[in-house]
Amino acid sequence: MITELFYLELQCSKLTPLLQVFCLVAMEKPISMKPEHIRDEKVKVLRSVIPMRDDEVVLGQYQGYKDDPTVPDGSNTPTFATMILRIHNERWEGVPFILKAGKALSSRKAEIRVQFKDVPGDIFKSQKQGRNEFVIRLQPSEAIYMKLTVKQPGLEMSAVQSELDLSYRQRYQGVVLKRDQQHFVRRDELKAAWEIFTPLLHRIDERKFESVAYEPGSRGPAEADRLLEKAGYVQTHGYIWIPPTL
């Protein structure tokens with residue numbers, strides 16, 4: 001049981017960097033680049049998050065997790081989570097922020113993906129191509145790219161997906177980030193972050209949430225994909241971003 005609790009705490013500790021990224025995406029422009037002013041805006045975002053709804057959370061546990069002899073047979077410890085955060089302010093009202101993390105998935109990556117809505121009156125009828133997306137790849141192969149639906153070269157009036165790519169490995173080799181307080185969590189920021197997730201953790205402890213089994217090497221539980229679809233996210237099929245080589 002000690003191993004399981006440690007594992008749960010370890011997984012929860014990973015929520016902090018995930019929320020750091022969430023805050024950087026959603027925060028307003030600070031009044032200056034001073035670390036305290038940046039932290040102030042991040043705290044405002046966390047305090048504007050409304051309580052999560054149970055129907056907007058999916059927890060999973062990969063098949064084989066309980067084969068570990070140190071894990072109890074009836075363990076409900078999640079190894080996967082998808083949840084929707086909603087910010088109650090003028091800018092982000094009605095916009096879902098989808099957080100997803102897990103172990104034993106089909107790929108190992110950390111990225112921010114901003115998906116744009118379909119264009120009304122699309123003359124190319126390119127919905128089947130997928131939506132345009134702005135992607136910030138944090139790791140591996142750090143990059144910023146814009147996934148776009150563009151006209152297929154040639155005389156035929158058809159659309160394909162391509163990208164505008166800024167790969168950091170090509171442009172900024174040997175860059176080292178200097179030590180700066182803005183990259184670290186302030187006490188009130190950490191407190192606000194835990195206030196978001198503590199009610200969910202209590203409900204997990206009380207067995208009010210059950211972890212759904214999923215196959216190792218998959219995208220996670222099918223329920224998570226259905227939650228994303230319900231939130232309005234459109235999965236792109238057939239497109240794979242390939243990092244450029246030096």
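Below is a short write-up of the structure. All of these numbers come straight from a predicted model, not from anything done at the bench.

**Description of the sheet that holds strand β7 (residues 159–167)**
Strand order across the open sheet formed by four strands is β4-β5-β6-β7, with antiparallel pairing between neighbours. Of all the strands in the sheet, the pair left with one neighbour each is β4 (110–115) and β7. For this sheet, the mean angle separating the axes of adjacent strands, direction not counted, is 20°. When strand β6 (residues 143–151) meets β7, the two strands line up antiparallel, connected through nine bridges. Along β7, the bridge assignment pairs Thr-149 with Gln-161.

**Thoughts on helix α6 (residues 222–231)**
Taken together, the buried positions of α6 are occupied by Ala-224, Leu-227, Leu-228 and Ala-231. Buried residues in α6, looked at end-on, bunch into an arc of 100°, giving them a common side. Facing away from the buried side of α6 by over 90 degrees, the exposed positions are Arg-226, Glu-229 and Lys-230. Where α6 is buried, its residues contact β1 (57–62), β2 (80–86) and β3 (96–102). Note on α6: the residue one or two positions beyond its end, Gly-232, has a positive phi of about 105°.

**Structural notes on the environment of Ala-224**
Tracing the backbone shows Ala-224 in helix α6. On the basis of relative accessible area, Ala-224 is assigned to the buried category, the value being 2%. A sequence separation of 144 residues divides Ala-224 from Phe-80, and the C-alpha atoms of the two residues are 9.6 Å apart. In this structure Ala-224 touches Val-58, Phe-80 and Thr-82, once residues within four positions along its chain are discounted.

**Some details on the nonpolar core**
Core analysis: the biggest nonpolar cluster contains 27 residues, and Phe-22 and Leu-85 have the highest contact counts within it. Elements represented by at least two residues in this core include exactly α2 (15–26), α3 (35–47), β1, β2, β3 and α5 (187–205). Tallying contributions element by element places α5 first for this core, with seven residues. In this structure, Leu-85 is in contact with Leu-19, Phe-22, Val-49, Met-52, Val-95, Pro-96, Phe-97, Leu-99 and Ile-196, ignoring residues within four places of it in sequence. Val-58, Ile-84, Tyr-214 and Leu-227 belong to the second largest nonpolar core, which has seven residues in total.

**Observations regarding unusual backbone geometry**
Backbone torsion omega between Gln-139 and Pro-140 reads -15°, so that peptide bond is classified as cis. The residue Pro-140 is located in the loop between β5 (133–139) and β6 in this model. Of note, the phi angle at Ala-104 is positive, near 60°, even though the residue is not glycine. The residue Ala-104 is located in the loop between β3 and β4 in this model. Judged by its relative accessible area of 33%, Ala-104 is partly exposed. Positive phi outside glycine occurs at Ser-141, with the angle close to 55°. Assignment of secondary structure puts Ser-141 in the loop between β5 and β6.

About the criteria used
- In every chain, residue numbers begin from 1 and rise along the written sequence.
- Selection of residues for local features in this predicted model requires a pLDDT of at least 70, selection of side-chain atom pairs for listing and counting requires 80 or more, and totals for whole chains, interfaces and linings are taken over all residues.
- Water and hydrogen atoms play no part in the side-chain values, which are based on all heavy atoms of the structure.
- The pairing criterion is simple: DSSP has to find at least two bridges between the two strands.
- Only runs of H or I of at least four residues qualify as helices and only runs of E of at least two qualify as strands under DSSP, and these elements are numbered from the N terminus.
- What counts as an axis is a line fitted to C-alpha atoms, over the stretch in contact for a helix, and the angles between N-to-C directions run from 0 to 180 degrees.
- A 1.4 Å probe rolled over the protein chains alone gives each residue an accessible area, and that area as a share of the maximum for its type sets the label: buried under 20%, exposed over 50%, partly exposed in between.
- Throughout, the arc means the angular range of directions from the helix axis out to the C-beta atoms.
- The contact definition used throughout considers only heavy atoms, calling two residues in contact when any of these lie within 4.5 Å.
- The term nonpolar core refers to a set of buried residues drawn from Ala, Val, Leu, Ile, Met, Phe, Trp, Tyr and Cys, joined through side-chain atoms within 4.5 Å.

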